[in-house]
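Chain by chain, the residues:
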Amino acid sequence: MAAEVSQTVRTIRRRRCYPPTWKRWVFYLFPGTMIATSAVALYAFVETEENYFYIHSIWHMLIAGSVGFLLPPRAKHDNTVPPFQRRRGCGYQLCVNEHEEMGLVDPAIVSINSICAS
């Protein structure tokens, strides 16, 4: 019910039918509907007490697969960041003491000659 209301509101706001392209109908909505219909047909007409576990498992797989086809696509966001705001790396600063790395200085002694790179 909520999905129908959501799609109706989306259609009214956009002032065009959803989905707007034939590709969405052919490659997503039609296969999703056919998979869901076949799952309901299996459940209604084929399932018996003897084959319940098999048919019911197949039913779950078909319904889950149809959901993948029938969900609407994610909204497209413009994630471009201007060059001056773009940060390199993760923002952490790595400091390396060359003398400690070579084992020339006792690690307990703090050295001032460190090389810091980001």
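1. Points about the overall build of the chain
Scanning the chain from N- to C-terminus turns up four helices and two strands. Taken across its 118 residues, the chain has 9% of its residues classed as buried. When contacts within the chain are restricted to residue pairs at least 6 apart in sequence, long-range pairs at least 24 apart make up 45% of them. Roughly 10,700 Å² of accessible area belongs to the chain as shown, and the carbon and sulfur atoms make up 63% of that amount.

2. Quick notes on a nonpolar patch on the surface
Judged by side-chain polarity, Trp 22, Trp 25, Val 26, Phe 27, Tyr 28, Phe 69 and Leu 70 come together as a nonpolar surface patch covering roughly 720 Å² of accessible area. Going through the elements one at a time, α2 (22-46) and α3 (52-70) are the ones with two or more residues in the nonpolar patch. Along the chain, Trp 25 turns up in helix α2.

3. Thoughts on the packing of aromatic side chains
One pass over the full model with this rule turns up three aromatic pairs. Judged by centre distance (6.3 Å) and plane angle (45°), the ring pair of Trp 22 and Phe 27 falls under tilted. Note on Trp 22: relative accessible area 56%, which makes it exposed. One Lys or Arg, Arg 24, reaches over the ring of Tyr 28 and ends 4.5 Å from the middle of that ring.

4. Examining the confidence of the model for the chain
Averaged over all residues, the pLDDT of the chain is 76; the fraction at 70 or higher stands at 64%. Within the chain, the element-level pLDDT minimum falls on strand β2 (residues 115-117), averaging 51, and the maximum on α3, averaging 94.

The rules behind these values
Residues numbered from 1 in each chain as written. Predicted model: local features only at pLDDT ≥ 70, side-chain atom pairs only at ≥ 80, totals over all residues. Heavy atoms only, no water. Helix = DSSP H or I, 4+ residues; strand = E, 2+ residues; numbered from the N terminus. Buried < 20%, exposed > 50% of the residue type's maximum accessible area, 1.4 Å probe, protein only. Contact = heavy atoms within 4.5 Å. Areas by Shrake-Rupley, 256 points an atom, 1.4 Å probe, with all protein chains shown as cover. Patch = residues over 30% accessible without salt bridge, like charges linked within 9 Å, V, L, I, M, F, W, Y side chains within 5 Å. Salt bridge = Lys/Arg side-chain N within 4 Å of Asp/Glu carboxyl O. Phe/Tyr/Trp six-rings, centres within 6.5 Å; stacked < 30°, edge-to-face > 60°. Lys NZ or Arg CZ within 6 Å of the ring centre and 35° of its normal. pLDDT = per-residue confidence, 0-100.

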